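If you want the building blocks of each chain, they are given just below.
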Amino acid sequence: MKTLFLVRHAKSEWANENLTDIDRPLNARGYRDAHFMSEQLKKNKLVPERIISSPAIRATITALIFARNLDYDSENIHLKKMLYETTEKEYLKIISETENSKRSLMLFAHNPTLTVLANSLTKPFTENIPTCGIVGIQFKINDWKEIMTA
């Protein structure tokens, strides 16, 4: 059994027009939501064994907040450039490369690809995962590579 958590980064700041998209940080609501959502996971004892994040500042900060609140060592957050401005196929490739000793994986990434992925791995349920939204999916598989055909 494997559990995949897909997390859309928290709400980002748009005030500074000089920042590139990848460099946009979280806004106040984003920080608040990231703390709230990660505390809900902790309360329900839903702590991942592996965290992988997009290198975009807003995704990385969201991942760091979750890691701190879930007592996950932030040194073990893996940043993957392929999670920024890419396709569902690339997301699946990253997931399939996870070590099989890890039963749970949390991915911090971006829309619209995150919503497309969630809907392809489940019965379609949403047009848009909101900022800091979490989709948890359990798979009856033993190898993360099987997710490509699940």
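Above this text is the structure in question.
Please read these numbers as outputs of a predicted model, since none were measured by experiment.

Peer 1: Sorry if this is basic, but what is going on with the sheet that holds strand β2 (residues 50–53) here?
Peer 2: Strand-to-strand pairing in sheets goes through backbone hydrogen bonds, with the strands running parallel or antiparallel. The strand order across the open sheet built from five strands is β3-β2-β4-β1-β5, with neighbouring strands paired in mixed fashion. Only two strands of the sheet have a single neighbouring strand rather than two, namely β3 (77–79) and β5 (134–139). Pairwise comparison of adjacent strand axes, ignoring direction, gives a mean angle of 20 degrees for this sheet.

Peer 1: Just checking my understanding: could you explain the pairing of strand β1 (residues 2–8) for this structure?
Peer 2: In the case of a regular strand, side chains alternate between the two sheet surfaces. Across the seven residues that make up β1, a large majority, seven, are buried. Both faces of β1 are covered, namely the face carrying K2, L4, L6 and R8 and the face carrying T3, F5 and V7. Note that β1 and β5 share six bridges and pair antiparallel. Counterpart to V7 in the pairing with β5 is I134. Both β1 and strand β4 (residues 104–109) contribute to a ladder of six bridges, which runs parallel. Following the sheet pairing, V7 is matched in β4 by F108.

Rules of the game
Within every chain, residues take consecutive numbers counted from 1 along the sequence as written. Only residues with pLDDT of at least 70 get local features here, since the model is predicted, and only at 80 or more are side-chain atom pairs given and counted; chain-wide, interface and lining totals rely on the full set of residues. Values shown for side chains rest on all heavy atoms present in the structure; no hydrogens or waters enter the calculation. Strands pair, by our definition, only if DSSP identifies at least two bridges between them. Secondary structure is summarised from DSSP: a helix means a run of H or I of at least four residues, a strand means a run of E of at least two, and numbering begins at the N terminus for each. Geometry is summarised by axes, namely lines fitted to C-alpha atoms with helices restricted to the contacting stretch, and by angles between N-to-C directions that run from 0 to 180 degrees. Burial classes: relative accessible area under 20% of the type maximum marks a residue as buried, over 50% as exposed, and values in between as partly exposed (1.4 Å probe, protein chains only).

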